[in-house]
Every structure is written in C-alpha cells, then in structure tokens.
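Spelled out from the first residue to the last, the chains are:
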Amino acid sequence: MNLLHLFDLSLVGRRYRVALEFDGRVYTFGDLDARSSRVAQALRRRGIETGDRVCVYLPNCVEIVDLYLACLKLGAIFVPINILYREREIAHIVADAEPKCVVTRGELAAAVPVWQVADLSGDAASLDRLAAPLERPAFDGDAPAALVYTSGTTGTSKGAILTHNNFAANALNLLTCWQITDRDRLLLALPLFHVHALANGLHCWLIGGFRMRLLERFEHRKATAEFLDFRPTVFFGVPTMYVRLLETPLDAAREIGRGVRLFVSGSAPLPAQVLEEFRALFGHTILERYGMTETLMNIGNPYVGERRPGSVGLPLPGVSAALRDGEIHLRGPNVFAGYWRREQATREAFVDGWFRTGDLAERSPDGYYTLLGRKSDLIISGGYNIYPREIEEFLLEQPEIAEAAVAAAADPLRGEVPVAYVVLKSPVEVADLERRCRESLASFKAPRNFHVVEKLPRNALGKVQKHLLEPGPAQTASE
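Keep in mind that what you see is a predicted model, and the values were worked out from it rather than measured.

The next subject is the pairing of strand E16 (residues 320–324). Pairing geometry for E16 and strand E17 (residues 327–331), over five bridges, is antiparallel. Within the sheet, the bridge partner assigned to serine 320 lies in E17 and is arginine 331.

This is how it looks when you write it as structure tokens:
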C-alpha cells in the first residue's frame, strides 16, 4: 500500500463532500482528485517520471495540494521549499535535490534558478482539456514521497527522505490517538512546506475526510474572526501562535473554546506559563507533542489523561524511545529513510538502528518525557551541565518578560557561561532579574549578561535560531 490508497478513502469514497476552503472558494474531495490528476498529466508532459524530484516554492494555496497529490500519482518526489528562503538557500536545495523542475509563481521566480522554473498557471486552459483519469505507476510504501530539508541551524541544510510508510504511520497514529474523525473541522494556518502542516495537517485531513480551512498564513489580528467564522473543532499551532492568541478578548476566547475540542502545539517548546494562561482564557489544556523533520511525530501528551505542563508526554504507538547519555534515541515506522545523498551523515545519525535526535530530555518514573534542549545548546560551565530551557522557563515566568532565550558565551575561567536575551513587556532592573534568578536557581545557572532585544530570531515555525542571536543593550550581572 502507498499513501494514495489511504487518500482514496476521501478522494473517491467521499468525493462529493466538501473538503477544503481557501480564499473564499470551496472544493470537494472529488474536485481535488480531478484537479491533481490534471496537474499530474501536465507534469508528465514536462517529462516528470517516477523518482524525479519536483521542487515547489509557493505560499499556502490550493495549488500546493494539487501538486503534492500530482507528485504522488506519478511516483515523483515532492520537495517543498521554505517560502521565506531566498536565492542562496533555494540554490542550495535545487543543486542538492536536482529536480526536473521548480514550480512557483511569476513574482517569486526571481529567487529561483531561472532555467528550472515551471509556472503551471499558464497551463490552466490546457489543464481543463485534459481528462481526469490517470494511470498510476505501481510502487509500495517504502518509496520516497517527499524530500524535506532541515532548517540548517547548525550547518548546511540536509534533505530528509520521507517515505509513504513514514507518512502513513504518522497520520494513522494521530487520527487514532487524537480521535480525529470525518466530523471534525480543521483550521490550518501552518506553512505546508513544513512537516507540521504537511505530515499532520494534510495527511490527517486526506485520510480522515473532514473539512479543512487553509489559510495562507497566521495573522493574529484576524485569528479571532477566522475561529468564530469557521468554527473549527481542531487547531494545530506553534507556541508563537498561542502567545498571540492570549490577546483574544475573554468573551471571544470562551466562545472559541466551546467549539474547539483539541488545541495541539509543536515545532518548538511550549512554555508552561503559556499553557496555564491559555487554559485560564480558553478553558482548554493545549496538547503538546514532540516531533522532528526526520521522524515526524514521536512523543505526545495523551488526548485522554494528564497533559503535563512542560512535558511532551509519552511515546506514540509503535515508536520506541530511549535515553542514552540524556539524549533521546528513536526507532519506529516514523523514522526517515536517511539523508538525501549523504551516506556519511546518515550513518552518523544512527547507532545500532536507533536515530540520534540531538535532543536532551528527562523521563519521569511514569514515562513522561520533558525536553531539556538541543544537545548542541548544552552549556558546560565549570564542569556543571546547564540546560538553557530551565532558565528560559524561569525568565518567562517574570511578568516583565515577553520572550527569552539563553545561550552560551565563552568564559576564560568557567569555559562557558549562560547569557540571556530578553524581549521586555515592561521595564525591569537587571539587578532585580539577577536576584530572582539566584533565589530560584543554582548560582552557576544565573545568566552573566542580559541582552535586551526587540525580537528573537525565529524560523517560519517559531523556533528560536540561537546561532543568529545578536546582542542588544547588555547589562552585566554581578559575580
């Protein structure tokens, strides 16, 4: 079996049901099946065959859905490109993936190697004349479905090979564990170039057969109106979205909360303080889970049971997790097939068949995992291990601080010391912050410098990119 067999539960079995809302237009599952078959024929006329890569550089739109399904119908490999990337970053992906074409819009084509661009909008008339039925090539679940490039925060971006089986195992897990059915309604504002929206949103939707409203982007000023108009039952978000939703007026928040049964957060750590404030405002406990580009979803808080603040929960069915020297190692049908044309990197990523995540964690006696940060972020100061997330969580509890990130700075005596980068809600004396840190944390964990910045550098999913942190006005804590 491959993904198309599962998607046919909706594309064929529910073909007359409304599937998608985007930009004021409504599409049935049958519409999407026919549209994607026409796009597949257009791609085939351009020479796309099984195993070929098709890069897609587009913001959220119905055409991405068409292209993704078209690639699957041809056995081609879908390669989404972050819409925030520019010429240098795009050129790396195009050179590495060696696609037959890059599909984009005219106004975005300037950032893409011109000789590779294919703007299918010009084929609209001919597409309408193409017959919808399409002969599908035979391939099984081990075939690559997508090549998704990592964010490259610690080096050159690598392409993770995700198979049909990877995506299927992930979606079936979430549909079961989160009790998602065709009666649900999903509001999706996450970018489809990322596995959070692609693997969780798109795949659960196409298999589960529910109605989805796709937004081009999350706009916090319009979020309340979108919730109240569409009345979703499920929402997938990232922590920065939930921080913004805390600005929702109380009456509107309660009305939204009465309709939504599940709020999920991932792609970056959710501060416990945000979870508590959101629960007080909306009447819902956000379900935090943990995943990666290379492994899709690994661990999650239970739908029924305790959703523990600060914890990412328990390993999902079929996923084996272990801690080795504090680092999470994973094994299961969700784990990717390797890095594209990077045999050495693939070998280094696995130990005895277990994938090394690079994420540090603690496991409670009852099996809940709590992330401590990236292994590369670990600060070793005078022989002591310091986990930045612990300090960040404490700083975010302070009423004057809106955002916080802690990173290492070189120190001739201790080797490394923690320094804090903070975005303020209101003025605060650094001496007061230092005092609070020293009263609640071990002295070696107290940041030695506090940099006040306007904002923290984040990627498209809201994860702080610590390698891009630049000092703002600094004040030194006392020794």
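Back to the write-up after that little detour.
Now for the packing of helix H6 (residues 164–177) against helix H7 (residues 195–208). Direction vectors running N to C along H6 and H7 enclose 75°, while the axes themselves pass 9 Å from each other. What the angle tells us is that H6 and H7 run roughly perpendicular. Residues Phe167, Asn170, Ala171, Leu172, Leu174 and Leu175 of H6 pack against Leu198, Ala199, Asn200, His203, Cys204, Ile207 and Gly208 of H7. When grouped by side-chain class, the residues that make up the contact of H6 with H7 number nine nonpolar, four polar and no charged.

Below, the discussion takes up helix H4 (residues 87–97). Looking at H4, one finds that the buried residues are Ile90, Ile93, Val94, Asp96 and Ala97. Elements in contact with the buried residues of H4: strand E3 (53–57), strand E4 (77–80), strand E5 (101–104) and strand E7 (144–149).

A few words on the sheet that holds strand E12 (residues 262–265). Strand order in this open sheet of nine strands is E2-E1-E10-E9-E11-E12-E13-E14-E15, and the pairing throughout is mixed. The sheet terminates laterally at strand E2 (25–28) and strand E15 (314–315), the two strands that pair on one side only.

The next point concerns the environment of phenylalanine 139. Looking at the secondary structure, you find phenylalanine 139 in the loop between helix H5 (124–129) and E7. Given the relative accessible area of 16%, phenylalanine 139 is considered buried. Expressed as a C-alpha distance, the spacing of phenylalanine 139 and valine 54, which sit 85 residues apart in the sequence, is 18 Å. The residues contacting phenylalanine 139, other than those within four sequence positions of it, are Asn2, Leu72, Gly75 and His164.

What follows covers the pairing of E17. Counting buried residues in E17 gives four out of five residues, a clear majority hidden from the surface. Connecting the antiparallel pair E16 and E17 is a turn made up of two residues, with aspartate 325 showing a positive phi of about 55°. Bridging between E17 and strand E19 (residues 354–363) involves three bridges; their strand directions are antiparallel. Paired with histidine 329 across the two strands is arginine 356, which belongs to E19.

Buried within helix H14 (residues 430–440) are the following residues: Val430, Leu433, Glu434, Arg436 and Cys437. Buried residues of H14, viewed axially, fall in a sector of 160°; they line one side. Of the exposed residues in H14, the ones pointing more than 90 degrees away from its buried face are Ala431 and Glu439.

A few words on the nonpolar core. Membership of the largest hydrophobic core comes to 126 residues, with the highest contact counts inside it found for Phe167, Trp205 and Phe263. The leading source of residues in this core is helix H3 (residues 62–74), at ten residues. Contact partners of phenylalanine 167, with chain neighbours within four places excluded, come to Leu3, Tyr68, Ala145, Ala146, Leu162, Leu198, Ala199, His203 and Leu296. Ile386, Leu441, Ala446 and Phe450 belong to the second-largest nonpolar core, a separate cluster that totals 19 residues.

What follows deals with the pattern of salt bridges. Scanning the model with the defined rule gives 35 salt bridges in all. In this structure, aspartate 52 and lysine 100 form a salt bridge, with 2.9 Å as the shortest nitrogen-oxygen distance. Taken together, the residues span a long stretch of sequence, with aspartate 52 in the loop between helix H2 (29–45) and E3 and lysine 100 in the loop between H4 and E5 at a distance of 48 residues. You can call aspartate 52 buried: its relative accessible area is 14%. Assessed through its relative accessible area of 45%, lysine 100 is described here as partly exposed. Via salt bridges that share partners, Glu21, Arg211, Arg213, Glu226 and Asp229 belong to a single interconnected network.

Cut-off values and rules
Residues numbered from 1 in each chain as written. Predicted model: local features only at pLDDT ≥ 70, side-chain atom pairs only at ≥ 80, totals over all residues. Heavy atoms only, no water. Pairing = 2+ DSSP bridges. Helix = DSSP H or I, 4+ residues; strand = E, 2+ residues; numbered from the N terminus. Axes fitted to C-alpha atoms, helices over the stretch in contact; angles between N-to-C directions. Parallel < 35°, antiparallel > 145°, perpendicular 65-115°, else oblique. Contact = heavy atoms within 4.5 Å. Nonpolar A, V, L, I, M, F, W, Y, C, P; charged D, E, K, R; others polar. Buried < 20%, exposed > 50% of the residue type's maximum accessible area, 1.4 Å probe, protein only. Arc of directions from axis to C-beta. Core = buried A, V, L, I, M, F, W, Y, C linked by side-chain atoms within 4.5 Å. Salt bridge = Lys/Arg side-chain N within 4 Å of Asp/Glu carboxyl O.

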